[in-house]
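Residue-level structural notes
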Amino acid sequence: MNPLAHILEHKVVAIVRGAAPKDLLRIAQALHAGGVRAMEVTLNSPGALASIGEIAGGMDDDFLVGAGTVLDPESARAALLAGAKFIISPTLNKKTIRMTKRYGAVSIPGAYTATEILKAYEYGGDLIKVFPAGAGGASYFKDIAGPLPFIPLMPTGGVSLDNIKGFADAGAKAFGLGSALVDTRQAVTDENLAQLTEKARAFVAAVA
């Protein structure tokens, strides 16, 4: 499986921040049941590296786990060795991109302006995270995508069921979904996991 092609095919990347390590595999399973095939565990979550390893070993091959909030190459390497298949950052760091590519993983650096987005792509980013996408909305995203149609963009931050189609129509190739999909403030119960599966289905259908 080519991880980049997999992300671009399935489009939705669930962002899970701050969940208890004991809950992460169950969250991944609920997302998978709803059709989501990629999940980011942010490195500022408790036990993030061990959780990435658990998910990588506990899920089917059609489910990718990656690391998010990766700010430096050392953290990227640790996540990749733990089993991450993609690295997502909120910012642009050339060394982090190079480390990710060295290990054959997908690099998704964060950028916002046209200059940052182009630099991220020139440095080797495979898919550029436009963050925070909600600040400018789909109209800003369309303005950015217009002169840079050759760069695959992933809006993240502020993407919801109400606006995801607007981002898709503006040219988005994938979507980073945080609390709009996985709200880690809620207790992880069978009922909430069932609701998560239904939300996942709704997002997947919205971008199908």
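So, here's what we can say about the structure. Every chain begins its residue count from 1, and numbering advances along the sequence as written. Per-residue local features are limited, in this predicted model, to residues with pLDDT of at least 70; the limit for side-chain atom pairs, both in listing and counting, is 80 or more; totals at the level of whole chains, interfaces and linings are taken over all residues. To obtain the side-chain values, all non-hydrogen atoms of the structure were used and water was disregarded.

Attention shifts here to the pattern of salt bridges. We define a salt bridge as a side-chain nitrogen of Lys or Arg found within 4 Å of a carboxyl oxygen belonging to Asp or Glu. Applying the stated criterion across every chain yields a total of 7 salt bridges. Between K22 and D23 there is a salt bridge; the shortest N-O distance is 3.2 Å. Burial classes follow relative accessibility: with a 1.4 Å probe on protein chains only, a residue under 20% of its type's maximum area counts as buried, one over 50% as exposed, and anything between as partly exposed. Take D23: its relative accessible area is 9%, and that puts it in the buried class. Ionic pairing is found between R37 and D62, a salt bridge with its closest N-O pair at 3.2 Å. One end of the pair, R37, is in the loop between α2 (21-33) and β2 (38-42); the other, D62, is in the loop between α3 (48-58) and β3 (64-68), with 25 residues separating them in the sequence. Secondary structure elements follow DSSP: runs of H or I of four or more residues count as helices, runs of E of two or more count as strands, with numbering from the N terminus.

So, about the packing of α2 against helix α9 (residues 190-207). Axes here mean lines fitted to C-alpha atoms, for a helix over just the part in contact, with angles spanning 0 to 180 degrees between N-to-C directions. α9 packs onto α2 with a crossing angle of 40° between their chain directions and a minimal axis gap of 7 Å. The pairing of α2 with α9 is recorded here as oblique in orientation. Crossing of α2 against α9: the hand is right-handed. On the side of α2, the interface is formed by R26, I27, A30, L31 and A33, while α9 contributes D190, L193, L196, T197, A200 and R201. Throughout this entry, Asp, Glu, Lys and Arg are counted as charged residues, while Ala, Val, Leu, Ile, Met, Phe, Trp, Tyr, Cys and Pro are counted as nonpolar. The remaining residues, Gly among them, count as polar. A per-class count over the contact of α2 with α9 returns 7 nonpolar, 1 polar and 3 charged. For classification, angles of less than 35 degrees are called roughly parallel, those exceeding 145 degrees roughly antiparallel, those between 65 and 115 degrees roughly perpendicular, and all remaining angles oblique. Left-handed is the label given to a crossing in which the near helix is rotated counterclockwise from the far helix by less than a right angle, and right-handed is the label when the rotation is clockwise. We call two residues contacting when some pair of their heavy atoms lies within 4.5 Å.

Let us look at the sheet that holds strand β6 (residues 110-111). Reading across from one edge, β6-β7-β8 is the order of the 3 strands in this open sheet, with parallel pairing throughout. At either end of the open sheet lies a strand with only one pairing partner, and these are β6 and β8 (153-155). By definition, two strands form a pair when at least two bridges between them are found by DSSP. Sheet topology note: the β6/strand β7 (residues 128-130) ladder contains 2 bridges and is parallel. Residue A111 lies in a different strand from β7, and its bridge partner there is V130. Contacting β6, β7 and β8, helix α6 (residues 114-122) runs over the sheet at an angle of about 160° to β7.

This part is about the pairing of β2. Counting buried residues in β2 gives 5 out of 5 residues, a clear majority hidden from the surface. Of the two faces of β2, both are covered, the one formed by A38, E40 and T42 as well as the one formed by M39 and V41. As defined by bridge partners, strand β1 (residues 12-16) adjoins β2 across 3 bridges and the pair is classed as parallel. Its bridge partner lying in β2, A14 is registered against M39. Note on the crossover from β1 through α2 to β2: the handedness is right-handed. Bridge analysis of β2 against β3 gives 5 bridges, and the strand direction is parallel. Across the sheet, residue A38 finds its bridge partner in β3, namely L64. When the strands point away from the viewer, a crossover counts as right-handed if the path from the first strand over the helix to the second runs clockwise. After leaving β2, the chain enters α3 and then returns to the sheet as β3, a path that is right-handed.

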